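Structural overview
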Amino acid sequence: MDPNAKPSPVGNSANFANRLTHIQENYKFQKDGKTGQRQEDPALGLRHIVTEAKKTHNLKYIYVWHAITGYWGGVKPDVSGMEHYNSKLSFPVEPRGIHHHQPDEALECIKLNGLGLVHPKNVFQFYDDLHSYLASAGINGVKVDVQNIIETLGAGHGGRVKLASQYHQAMEASIVRNFSDNGIIACMSHNTDGLYSSKQTAVIRASDDFWPRDPASHTIHIASVAYNSIFLGEFMQPDWDMFHSLHPMGEYHAAARAVGGCSIYVSDKPGEHDFDLLKKIVLPDGSLLRAQLPGRPTKDCLFTDPARDGTNLLKLWNLNKHTGVLGVFNCQGAGWCRVDKKNLVHDSQPKAISGAIRSLDVDYLPKIADENWDGDSIVYSHRGGELVYLPKGAALPITLKAREYEVFTVVPLKGLANGISFAPIGLIKMFNSGGAISAYEFDPNTSTVYLKVRGCGDFGAYCSVRPQAVYVDSTQIEFSYEEECGLTTFTLRVPETELYLWDIRIDI
């Protein structure tokens, strides 16, 4: 990185002035690396770290972060070995409206020091060199940050729209060439030019960062991603950012991501983990019970302000193959301050908020229901552990204290023979219980239910009468039945192979 950057007036922004001086890693990431020396053997560079991490910790995928311009301060002009990228020092021009609404420390630092911008005619070569080296080291993809900086650098390049188009076209072409599975996560990329120039990028950060030390950030983080996903979720997969599992708000964040239908990442300090929480979102084989869609606010939340109005809860819905999932959050107490230009706690002791849920809060629930579905549903609460029979049009009241949440699994009730009704819930100790159910069929003549289920732990289902027997992979197992509510439960052991599907038969 460039050691000659001007000091920044903002203490925590000094690194934003740094520039990339080489495609390869510095000595810190090289085997037996020494200051001022570079190992030319690729096996002694980044590859040895990636190989060891994958082998020792059984990791399948490792991504590397870089800015769309290389680093925060771009590529250092005229540095040895990088001259062919034709990097020139450019100074961002920030729109006045954005500066007035939200002054940005990083941008102020870059405006002061300038940014080494690779010429658009050379930027594909830059990306291809960078990505091909990373791929050769075993890296599977990249998280490309600071993408919105391009809209401030259009002068001399035909304007911001043309520059954004050139950069994104080159970047995505390099991704296709060097990484399988479209290995890119877009970040800081909500500028219109970037969104409309991205033709292939499929995953986009939908929020500000997770700020573990900022108490004002957590509730507004959940609300922001939810509402941003209304737009972003129509053409990309919204990404909710990482979080800490061992954090006072870790469970709150984890529940939201389980409903969000996104990949889930934790940035825990090694040795500081809440494994009981992680087991609610990740199976022993490392896979997730991932919902099928981007999580979005329910229709009755679209024109409310669940972070500031002191009245409303935030409700998020999503869909699995055979169930719906509904997350409810009390997000009151913090929000954006137009005076201080940052998120602030405006109510240190927000009151409990009451609301209600309905089965059709899961907007697409009829799509997974039987064609003869009469509108009745089963609702199972994750935290409460309660099963409720919810008739068509009925509402289930809920009250949440400040920064509390609840996750409900919502299942259309299916009528079987002899007036029997049934609804599979899923792995009831997981946030998204119904995500475990891969297949669901029944024999209308015998009232026998057939399921294919992924994962392990306690499986729950509603049955209007006590089942006669439960079989898992043709072996009869014990089960329990609660007469007062119809909850049937049994335990699935940890499978021996990844992504294994249990064959379950329930004779009723």
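Refer to the structure above for everything that follows.
What this report covers is the structure whose coordinates are included nearby.

This paragraph deals with the environment of Val50. Here Val50 is to be found in helix H1 (residues 46-57). C-alpha of Val50 to C-alpha of Tyr61: the two residues are 11 residues apart in sequence and 9.5 Å apart in space. When neighbours within four sequence positions are excluded, Val50 is seen to be in contact with Ile62, Ala137, Gly138 and Ile139.

Let's shift gears to the pattern of salt bridges. Any two side chains of opposite charge can pair, given that their charged atoms come close. Under the definition given, this model contains 17 salt bridges. The residue Arg160 makes a salt bridge to Asp193 at a minimum N-O spacing of 2.5 Å. Here Arg160 is found in helix H5 (residues 160-178), whereas its partner Asp193 is found in helix H6 (residues 192-197), with 33 residues between them in sequence. Owing to a relative accessible area of 9%, Asp193 belongs among the buried residues under this scheme. Among the salt bridges present, the one from Arg205 reaches Asp209, with a minimum N-O distance of 2.8 Å. Where salt bridges share partners, they join Glu94, Glu108 and Lys111 into one cluster.

So, on to the packing of helix H4 (residues 123-136) against H5. In contact at an axis separation of 9 Å, H4 and H5 are set at 30 degrees when each is read in the N-to-C sense. The orientation of H4 relative to H5 falls into the category roughly parallel. Our pair here, H4 against H5, has a crossing hand that is right-handed. Where H4 approaches H5, its residues Val123, Phe124, Tyr127, Asp128, His131, Ser132 and Ala135 are matched on the opposing element by Gln166, Tyr167, Ala170, Met171, Ala173, Ser174, Ile175, Arg177 and Asn178.

As a further point, take the nonpolar core. Core analysis: the biggest nonpolar cluster contains 45 residues, and Ile68, Phe126, Tyr127, Ile149 and Tyr167 have the highest contact counts within it. Put simply, the parts of the chain that give this core at least two residues each are H1, helix H3 (105-113), strand S3 (115-118), H4, strand S4 (141-145) and H5. Other than its neighbours up to four places away in sequence, Ile68 contacts Tyr127, Val144, Asp145, Val146, Gln147, Ile149, Ile150, Tyr167, His168 and Met171. Membership of the second largest hydrophobic core comes to 32 residues, among which are Cys262, Cys331, Tyr405 and Phe431.

Taking 1.5 Å as the rise per residue, H1 with 12 residues should run 16 Å; its terminal C-alpha atoms sit 16 Å apart, in good agreement. Within the span of H1, buried status applies to Leu46, His48, Val50 and Ala53. Lining the buried residues of H1 we find H4. Asn58 occupies a position one or two residues after H1 and carries a positive phi of about 55 degrees.

Turning to the sheet that holds strand S17 (residues 405-412), a few remarks are in order. Taken together, the six strands give an open sheet; going across it, the order is S8-S9-S10-S17-S14-S15, and neighbouring strands pair in antiparallel fashion. Every interior strand has two partners, whereas the edge strands, strand S8 (296-297) and strand S15 (387-390), have only one.

Next up on the list: the packing of helix H7 (residues 217-232) against helix H8 (residues 250-260). One can describe the packing of H7 onto H8 by two numbers: an axis separation of 10 Å at closest approach and a directional angle of 5 degrees. By the angle between their directions, the pair H7 and H8 is classed as roughly parallel. Contacts between H7 and H8 involve His218, Thr219, His221 and Ile222 from the former and Tyr252, His253, Ala256 and Arg257 from the latter. For the contact of H7 with H8, the class distribution of residues is three nonpolar, four polar and one charged.

Taken as a whole and assessed by the stated rule, the structure comprises 15 aromatic pairs. Summarising the aromatic geometry, the rings of Phe231 and Phe235 are spaced 5.1 Å apart at their centres and angled 70 degrees between planes, so their arrangement reads as edge-to-face. On the basis of relative accessibility, which here comes to 42%, the residue Phe231 falls in the partly exposed class. Since its relative accessible area comes to 38%, Phe235 is described here as partly exposed. Note on Phe422 and Tyr440: the rings are 6.1 Å apart at their centroids and 50 degrees apart in plane angle, and the pair reads as tilted. Of this pair, Phe422 sits in strand S19 (residues 421-427) while Tyr440 is found in strand S20 (residues 437-443), placing the two residues 18 residues apart along the sequence.

Summarising the element assignment, Tyr405 is placed in strand S17. Since its relative accessible area comes to 3%, Tyr405 is described here as buried. Apart from the residues lying within four places of it in its own chain, the contact partners of Tyr405 are Glu251, Tyr252, Ala255, Val328, Phe329, His382, Arg383, Leu400 and Phe431. Here Glu251 takes part through its side chain, which lies 2.4 Å from a polar atom of the side chain of Tyr405.

Calculation notes
- Residues numbered from 1 in each chain as written.
- Predicted model: local features only at pLDDT ≥ 70, side-chain atom pairs only at ≥ 80, totals over all residues.
- Heavy atoms only, no water.
- Helix = DSSP H or I, 4+ residues; strand = E, 2+ residues; numbered from the N terminus.
- Contact = heavy atoms within 4.5 Å.
- Salt bridge = Lys/Arg side-chain N within 4 Å of Asp/Glu carboxyl O.
- Buried < 20%, exposed > 50% of the residue type's maximum accessible area, 1.4 Å probe, protein only.
- Axes fitted to C-alpha atoms, helices over the stretch in contact; angles between N-to-C directions.
- Parallel < 35°, antiparallel > 145°, perpendicular 65-115°, else oblique.
- Left-handed = near helix turned anticlockwise from the far one by under 90°.
- Core = buried A, V, L, I, M, F, W, Y, C linked by side-chain atoms within 4.5 Å.
- Expected span 1.5 Å × (residues − 1).
- Pairing = 2+ DSSP bridges.
- Nonpolar A, V, L, I, M, F, W, Y, C, P; charged D, E, K, R; others polar.
- Phe/Tyr/Trp six-rings, centres within 6.5 Å; stacked < 30°, edge-to-face > 60°.
- Polar contact = N/O pair within 3.5 Å; in protein donor to acceptor, adjacent residues only side chain to side chain.

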